[in-house]
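Below are the chains, spelled out letter by letter.
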Amino acid sequence: MLNLIWAVMIVLAVLFGACTGRLDQVTNAALDSAGEAISLCITMAGVVALWMGLMEIAQRAGLIGKLTRGIAPFLRFLFPRIPKGHPAEGYIATNIIANVLGLGWACTPAGLKAMEELARLEAQRGNPEYLEMEKGSGDGTLKNKDIRHGTAGQAGGHKKAAGEGFGQQESAGRGRRASNEMCIFLILNISSLQLIPVNMIAYRSQYGSANPAVIIVPAIVATLVSTLVAIVYCKIKDRGGKAI
């Protein structure tokens with residue numbers, strides 16, 4: 001969908017420039033924007049390297065582990081139905097910590113893994129929409145589904161090519177409904193309390209701001225309010241286990 005939007009915008013810009021006799025300005029703007037994009041990428045690469053390095057140091061020093069254990073009660077409050085010690089808890093904690101520190105790039109892999117584990121949890125709960133999650137992983141066997149139908153021993157008839165299994169999982173996933181835990185995690189991720197808005201500071205620095213870090217306090221206030229609203233909304237909608 002995004003590809004279509006960008007394609008339409010580009011075509012409209014070219015047509016507008018041609019119709020108004022400003023096609024040369026469109027060309028110059030495209031070239032200038034390409035140069036600015038490269039400069040921004042170089043700036044952001046430095047910022048990413050710095051903060052990702054600090055994140056790695058914190059992880060090796062045990063700070064991330066301590067923070068994860070520290071927010072465990074908060075996670076239990078938000079996700080009471082996730083079994084204690086489930087892998088999803090660790091990925092969710094890592095994602096939240098990275099978001100709070102403003103490391104959007106570091107939180108993405110953890111967020112994807114958290115969603116995978118939450119989907120696997122739904123399969124373990126017997127949700128028919130997610131039973132295909134256990135299909136095609138590694139050797140292509142139908143794990144949960146076979147166990148429930150008592151056919152786990154018939155592995156010969158269940159071998160699938162990796163590409164075919166992935167395609168079936170993808171098509172099956174189109175009709176799935178997100179669980180409450182997935183919705184809460186996504187809403188919390190979007191609200192994203194940030195103590196250090198690294199992205200915005202880097203952008204402001206790139207475009208010549210006299211004081212790029214002046215937005216830290218307003219950003220903390222804004223993201224704190226959005227996170228509190230998100231938590232209240234999720235807990236209200238999640239009462240009694242009703243679907244969000």
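Quick notes on the rules
- Residues numbered from 1 in each chain as written.
- Predicted model: local features only at pLDDT ≥ 70, side-chain atom pairs only at ≥ 80, totals over all residues.
- Heavy atoms only, no water.
- Phe/Tyr/Trp six-rings, centres within 6.5 Å; stacked < 30°, edge-to-face > 60°.
- Lys NZ or Arg CZ within 6 Å of the ring centre and 35° of its normal.
- pLDDT = per-residue confidence, 0-100.
- Contact = heavy atoms within 4.5 Å.
- Buried < 20%, exposed > 50% of the residue type's maximum accessible area, 1.4 Å probe, protein only.
- Helix = DSSP H or I, 4+ residues; strand = E, 2+ residues; numbered from the N terminus.
- Arc of directions from axis to C-beta.
- Salt bridge = Lys/Arg side-chain N within 4 Å of Asp/Glu carboxyl O.

**Structural notes on the packing of aromatic side chains**
Counted by the stated rule, this structure contains zero aromatic pairs. When the ring centre of Phe77 is taken as reference, the NZ or CZ atom of Lys235 above it lies at 4.6 Å.

**Structural notes on the confidence of the model for the chain**
Summary statistics for the chain give a mean pLDDT of 76 and a share of 79% for residues scoring 70 or more. For the stretch residues 136-173, pLDDT sits under 50, and the model shows 37 contacts to residues farther than four places along the chain or on other chains.

**Digging into helix α10 (residues 198-206)**
Buried within α10 we find Val198, Ile201 and Ala202. Projected down its long axis, α10 shows its buried positions confined to an angular sector of 100°, all on one face. Looking one or two residues past α10, Gly208 carries a phi angle of roughly 85°, positive in sign.

**So, the pattern of salt bridges**
The full count for this structure, using the stated rule, is six salt bridges. Two residues, Lys113 and Glu116, come together in a salt bridge whose shortest N-O distance is 3.3 Å. Remark: Glu116 and Lys113 occur in helix α6 (residues 104-124); sequence separation between them is three residues, near one turn of the helix. Taking the relative accessible area as the measure of exposure, Glu116 reaches 34% and is therefore partly exposed. Between Glu122 and Arg125 there is a salt bridge; the shortest N-O distance is 2.6 Å. For Glu122, a relative accessible area of 8% gives the class buried. The exposure class of Arg125 is partly exposed, given its relative accessible area of 38%. Shared partners join several salt bridges into a network, and the residues in it are Arg81, Glu122, Arg125 and Glu181.

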